Every structure is written in structure tokens, then in C-alpha cells.
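# Secondary and tertiary structure notes
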Amino acid sequence: MLTITAVIRAKKGHEDTMRRALLEVAENVRSNERNTIGFSFSQDQTNPGVFTTYERFVDRAAMDAHNNSQVVARFFGIAKPILDGDVVLVTGTEISAKA
């Protein structure tokens with residue numbers, strides 16, 4: 001199982017736009033990506049401009065299909081102008097999970 005954790009920071013005043021864009025990705029994953037095992041994201045309680053995603057894929061092909069999808073391209077089209085710094089990505093091999 002491959003994973004991506006991303007920390008995404010939105011500029012002040014753009015938190016709702018970022019949340020909506022991430023919700024669009026999440027809905028697409030639910031509806032169309034059977035080899036994406038999980039896609040969840042959270043919004044920091046004390047700094048609402050900070051979002052963290054946790055993504056789980058059956059294999060590299062599933063990860064690549066997700067990352068190269070139209071919905072992810074659309075997300076970055078929306079997100080890039082409102083990012084507060086670089087997106088921090090950590091790609092890993094899952095070692096343990098509660099199933």
C-alpha cells in the first residue's frame with residue numbers, strides 16, 4: 001500500500017476555497033477511483049488555513065492515475081494562486097493501519 005500525506009497551506013481569507021477544492025477531489029475519489037483505498041483530509045483547528053491529506057493507494061499505478069487525473073489538475077489550478085508556501089508531500093509505503 002502506498003500513501004501520500006500532503007500539508008497544504010491556504011492564504012488567509014481563502015480557507016473556504018481550499019476546503020471546497022479538496023472536497024471536490026474527495027468526491028471524485030469516492031465515485032471514480034476504485035484503486036484509491038482512502039482519501040481523507042483535515043483542517044487544522046487552530047490555524048484554519050492548514051489542511052492535511054492522507055491518501056492510500058493499492059499500487060503505483062493507482063497513485064499515478066490519481067495524481068494525473070483531471071480533478072487533481074483542476075485542484076492545483078484553483079490552489080496554486082492561493083497557496084501560502086509550498087505543498088509538503090510525503091510519499092510512503094504503509095507499514096501499519098487499522099483495517
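Residues numbered from 1 in each chain as written. Predicted model: local features only at pLDDT ≥ 70, side-chain atom pairs only at ≥ 80, totals over all residues. Heavy atoms only, no water.

Counted under the stated rule, the structure contains two aromatic pairs. Pairing Phe-41 with Phe-51 gives two aromatic rings, centres 6.5 Å apart and planes at 50°, and the pair type is tilted. One end of the pair, Phe-41, is in strand 2 (residues 36-43); the other, Phe-51, is in strand 3 (residues 50-57), and ten residues separate them in sequence. Between Phe-75 and Phe-76 the ring centres are 5.0 Å apart and the planes differ by 75°, which places this aromatic pair in the edge-to-face class. For Phe-75, a relative accessible area of 6% gives the class buried. A residue is classified by how much of its surface remains accessible, and Phe-76, at 31% relative accessible area, is partly exposed. (Phe/Tyr/Trp six-rings, centres within 6.5 Å; stacked < 30°, edge-to-face > 60°. Helix = DSSP H or I, 4+ residues; strand = E, 2+ residues; numbered from the N terminus. Buried < 20%, exposed > 50% of the residue type's maximum accessible area, 1.4 Å probe, protein only.)

Turning our eyes to something else, we now look at the pattern of salt bridges. Tallied over the entire structure, the rule returns four salt bridges. Close ionic contact of Asp-16 with Arg-19 constitutes a salt bridge, the shortest N to O distance being 2.7 Å. With Asp-16 and Arg-19 both in helix 1 (residues 15-32) and three residues apart, the pair spans about one turn of that helix. Residue Asp-16 is classed as partly exposed on the basis of its relative accessible area of 42%. One salt bridge in this structure joins Arg-56 and Glu-94, with 2.7 Å as the shortest N-O distance. (Salt bridge = Lys/Arg side-chain N within 4 Å of Asp/Glu carboxyl O.)

Attention now goes to the sheet that holds strand 1 (residues 2-9). What the four strands build is an open sheet, ordered 2-3-1-4; its pairing is antiparallel. Two strands in the sheet have a free side with no partner beyond their single neighbour: strand 2 and strand 4 (88-93). The sheet shows a mean angle of 10° between the axes of neighbouring strands, taken without regard to direction. Where strand 1 lies against strand 4, six bridges are found, and the strand directions are antiparallel. Paired with Ala-6 across the bridge in strand 4 is Leu-89. Helix-sheet contacts for helix 2 (residues 60-67) involve strand 1, strand 2, strand 3 and strand 4, and the interaxial angle to strand 1 is about 30°. (Pairing = 2+ DSSP bridges. Axes fitted to C-alpha atoms, helices over the stretch in contact; angles between N-to-C directions. Contact = heavy atoms within 4.5 Å.)

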